[in-house]
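Geometric and topological summary
If you want the building blocks of each chain, they are given just below.
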Amino acid sequence: MVALLGLSQPELKEWVQQQGQPAYRGQQLHQWIYQKGARSLGDITVFPKQWRESMAEVAIGRSSIYYRSQAGDETVKYLLKLADNQIIEAVGIPTEKRLTVCVSSQVGCPMGCDFCATGKGGFKRNLAAHEIVDQVLTVQEDFGRRVSNVVFMGMGEPLLNTENVLVALRSLNEDVGIGQRNMTVSTVGIRHRILELAEHKLQVTLAVSLHASNQVLREKLIPSALRYPLDELMAECREYVKITGRRLTFEYILLAGVNDLPEHAEELAELMRGFQCHVNLIPYNPINEVDYQRPSKDRIYQFVKVLEEYNVAVSVRYSRGLEADAACGQLRAMKS
Ligand code: SAH
Ligand code: SF4
């Protein structure tokens, strides 16, 4: 076993019984690791001393905060150090009513999207389920308030790590207490994986990173679009809506002069026709490696107007955390 975090209450009960302890200790263990923030079995003072000491090597699966930076808008970026010294990012985004955590699903990302700092930084490995759950607990503890929402929009492509992401979603829902409807998984689209997710009939929101209104443009921005073309992706998305009955979100990054012209908006509206969906426009956040520009407010407004004329539900997401390099697409495991 790698770590205890991510295990359900029945699984923890079974585990303590295997260690020769009574089942109720599993319940205590559950409470201590998910509610009380125990970082090692040695912390769990209700356990018999001898057992605690003999179990000292068993990992709960917590990371340590390697670096923390706060933007003027209260958004906090964390660099977290994992057991093998890899560094990942998590971001805490507070509002009056909510505390949202943007979690990573991989160390780096192999997809190599042209506008994304994570994509430019290469790929190391998938995160284990406990490493995903830990990010939420870490932000919750640091803010001293309960996390209400989780978005898989940090480093990595969640659907390349579906198995562990599913375990983490279950645990965040049942063990940490975050409603499924308050969680969003964002994907650039991996063949067959959207349908695989649909089969699990979850209530989580799926966000699909589209970023282009046609195949030629999408290939330029997203290398994997060559192997998994837009029409196939859209067909899978339609099937997803049919199976789950859930509305999809499409994300569309706005790059000045590249994909933000009125004809792109019209083409996008055409793609959305008859679709139960919501379009989230994300004005580009600058990264060092490429010289894309963020469109002007006026251009963004024009784009929104065209979509609205076609009755597409649309919103603009002005990313927070820009000053802390914590905004969408700026995540890389570096101190800024
Ligand atoms: N790999 C997944 C989830 C992580 S990226 C995905 O691509 O969907 C989360 C979101 O941030 C995606 O919509 C992504 O396109 C967006 N993003 C990436 N780079 C960005 C940048 N430079 N500015 C704004 N948004 C960006
Ligand atoms: Fe990976 Fe998403 Fe960045 Fe593309 S946008 S490189 S899929 S993290």
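The rules behind each value
Residues numbered from 1 in each chain as written. Chains lettered and ligands numbered in written order. Predicted model: local features only at pLDDT ≥ 70, side-chain atom pairs only at ≥ 80, totals over all residues. Heavy atoms only, no water. Domains from an automatic or database assignment. Contact = heavy atoms within 4.5 Å. Buried area = accessible area lost by both parts, 1.4 Å probe. Polar contact = N/O pair within 3.5 Å; in protein donor to acceptor, adjacent residues only side chain to side chain. Helix = DSSP H or I, 4+ residues; strand = E, 2+ residues; numbered from the N terminus. Core = buried A, V, L, I, M, F, W, Y, C linked by side-chain atoms within 4.5 Å. Buried < 20%, exposed > 50% of the residue type's maximum accessible area, 1.4 Å probe, protein only. Phe/Tyr/Trp six-rings, centres within 6.5 Å; stacked < 30°, edge-to-face > 60°. Pairing = 2+ DSSP bridges. Axes fitted to C-alpha atoms, helices over the stretch in contact; angles between N-to-C directions.

Let us look at the domain arrangement of the chain. Each domain of the chain was delimited in the assignment, giving domain 1 (9-54) and domain 2 (64-324). In this structure, domain 1 and domain 2 have C-alpha centres spaced 35 Å apart. Taken together, the contacts link seven residues of domain 1 with eight residues of domain 2. Between domain 1 and domain 2, the buried area comes to about 570 Å², and carbon and sulfur atoms account for 34% of it. Per-residue buried area on domain 1 facing domain 2 is highest for Y34, Q35 and R39; these three make up 68% of the total on that side. Scanning the region where domain 1 abuts domain 2 turns up four residue pairs in polar contact (both at pLDDT 80 or more). Examining the composition of the side of domain 1 that touches domain 2, we find that three residues originate from one element, helix α2 (residues 24-34), more than from any other.

Counting 100 residues, the largest nonpolar core has L29, F115, L248 and F250 as its most contacted members. Per-element accounting of this core gives the leading share, six residues, to helix α9 (residues 230-244). When sequence neighbours within four positions are dropped, the list of residues in contact with L248 reads L206, V208, C237, Y240, V241, F275, Q276, C277 and H278. If you look at the next biggest cluster of nonpolar residues, it comprises five residues, including V91, C102, V151 and A207.

Bringing unusual backbone geometry into the picture now. Peptide bonds are mostly trans, and most non-glycine residues show a negative phi. With a phi close to 70°, N85 is a non-glycine residue in the positive phi region. Within the element layout of this structure, N85 appears in the loop between β2 (76-81) and β3 (87-94). For N85, a relative accessible area of 53% corresponds to the exposed category. Phi at H192 takes a positive value of approximately 70°, unusual for a residue other than glycine. Take H192: it is sitting in the loop between β8 (183-187) and α7 (193-199). Taking relative accessible area as the criterion, H192 reaches 52% and is therefore assigned exposed.

The next thing to look at is the packing of aromatic side chains. Pairs of aromatic rings are described using the distance from one ring centre to the other and the angle between the two planes. Evaluation of the coordinates by the stated rule reveals five aromatic pairs. Pairing W15 with W51 gives two aromatic rings, centres 6.4 Å apart and planes at 45°, and the pair type is tilted. Of this pair, W15 sits in helix α1 (residues 9-18) while W51 sits in helix α3 (residues 49-54), and the two are 36 residues apart along the sequence. Judged by relative accessible area, which is 7%, W51 ranks as buried. On the numbers, 5.3 Å between centres and 35° between planes, the contact of Y252 with F303 is tilted. One end of the pair, Y252, is in strand β10 (residues 248-254); the other, F303, is in helix α11 (residues 297-309), and 51 residues separate them in sequence.

The subject of this paragraph is the sheet that holds strand β7 (residues 149-152). Across the sheet, which stays open at both edges, the 10 strands sit in the order β1-β2-β3-β4-β7-β8-β9-β10-β11-β12 with mixed pairing between neighbours. The open sheet has two edge strands, β1 (64-70) and β12 (314-316), and neither has a second partner. This sheet shows a mean twist of 20° between the axes of neighbouring strands, independent of strand direction. Inspection of the sheet shows β2 paired to β3 by six bridges, in the antiparallel sense. Looking across to β3, one finds that K77 is bridged to V91.

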